Amino acid sequence: MTVLLRIWSHGLVAAAIALTAFAASAADVVVSTRVCEPVPKGADVQLSPADDADLYQSVDRPLRDALAKAGHAISKAGPVDLYYTITEAPVAIRRSGPSLGTLEVDTTRRGQRALLLLNVWSTRKDSILGGRKSKSGSQYSTYLFMSFEVNDKKSGKCLWRGEGGTELVGDRKVLISLITETVLDHLGQAVDGKSVVVD
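Residues numbered from 1 in each chain as written. Predicted model: local features only at pLDDT ≥ 70, side-chain atom pairs only at ≥ 80, totals over all residues. Heavy atoms only, no water.

(A) Local environment of the overall build of the chain. Looking only at helices and strands, the chain has three helices and ten strands in total. The secondary structure elements of the chain, listed N-terminal to C-terminal, are β-β-β-β-α-α-β-β-β-β-β-α-β. Buried residues in the chain amount to 41% of all 199 residues. (Helix = DSSP H or I, 4+ residues; strand = E, 2+ residues; numbered from the N terminus. Buried < 20%, exposed > 50% of the residue type's maximum accessible area, 1.4 Å probe, protein only.)

(B) Structural context of the packing of aromatic side chains. Throughout the structure, instances matching the rule amount to three aromatic pairs. A network of ring pairs unites the aromatic residues Tyr-56, Tyr-84 and Phe-148 as a single cluster. (Phe/Tyr/Trp six-rings, centres within 6.5 Å; stacked < 30°, edge-to-face > 60°.)

(C) Region of interest: helix H2 (residues 60-69). Of all the residues in H2, the buried ones are Pro-62, Leu-63, Ala-66 and Leu-67. Angularly, the buried residues of H2 cover 125° about the axis, an arc narrow enough to put them on a single face. Structural note: H2 exposes Arg-61, Ala-68 and Lys-69 on the side pointing more than 90 degrees away from its buried face. Directly beyond the C-terminal end of H2, a positive phi value near 90° is found at Gly-71. (Arc of directions from axis to C-beta.)

(D) Spatial organisation of the pattern of salt bridges. Inspection of every chain in the model, using the stated rule, returns five salt bridges. With a closest N to O distance of 3.3 Å, Lys-69 and Asp-185 form a salt bridge. One end of the pair, Lys-69, is in helix H2; the other, Asp-185, is in the loop between helix H3 (172-184) and strand S10 (191-196), and 116 residues separate them in sequence. Residue Arg-161 pairs with Glu-149 through a salt bridge whose shortest N-O separation is 4.0 Å. Taken as a pair, Arg-161 in strand S9 (residues 158-167) and Glu-149 in strand S8 (residues 139-152) lie far apart in primary sequence, twelve residues in all. As far as burial versus exposure is concerned, Arg-161 and Glu-149 are alike and both buried. (Salt bridge = Lys/Arg side-chain N within 4 Å of Asp/Glu carboxyl O.)

Spelled out as structure tokens, the structure:
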């Protein structure tokens with residue numbers, strides 16, 4: 001399942017979860033961007049991470065590569081500022097009642113067919129052997145989200161906003177690189193909840 005999380009302002013997370021809109025694997029990145037004003041073509045960009053932790057430092061190379069691809073160099077004297085954040089959050093991926101599986105009945109074709117799928121064992125889902133894993137009928141998964149804010153350094157005005165998220169499965173630094181490259185592929189563009197398959 002895929003999730004879209006709105007993160008527009010300095011670590012404040014307001015979730016807009018779209019779970020039924022996409023059917024995607026854990027490697028997919030959901031991207032949402034908006035344009036405030038045109039980003040100056042070829043302008044140098046100053047990087048402004050929200051933190052100086054090692055995880056943020058790991059974004060440096062992917063950012064440089066993605067910005068170079070878009071025609072922008074990195075410079076502290078640049079007229080454009082790129083502020084970015086990294087957030088991890090548990091997200092409810094199902095809001096129906098608890099379930100050990102699904103029952104499908106097909107009566108539209110000639111004859112009838114029934115298919116019963118049961119979760120025998122799982123560490124994350126309700127299952128026969130593993131028991132209940134959900135709270136109040138919801139299942140939770142941890143997602144990794146990144147938010148990018150491109151502003152005019154002199155006036156502070158918004159030029160562009162971008163955000164991306166994916167399920168936190170695997171190496172954080174690899175996922176951060178994937179999200180960074182995928183979101184900044186849309187620098188200067190407006191995209192509403194696009195699901196991008198990352199190989």
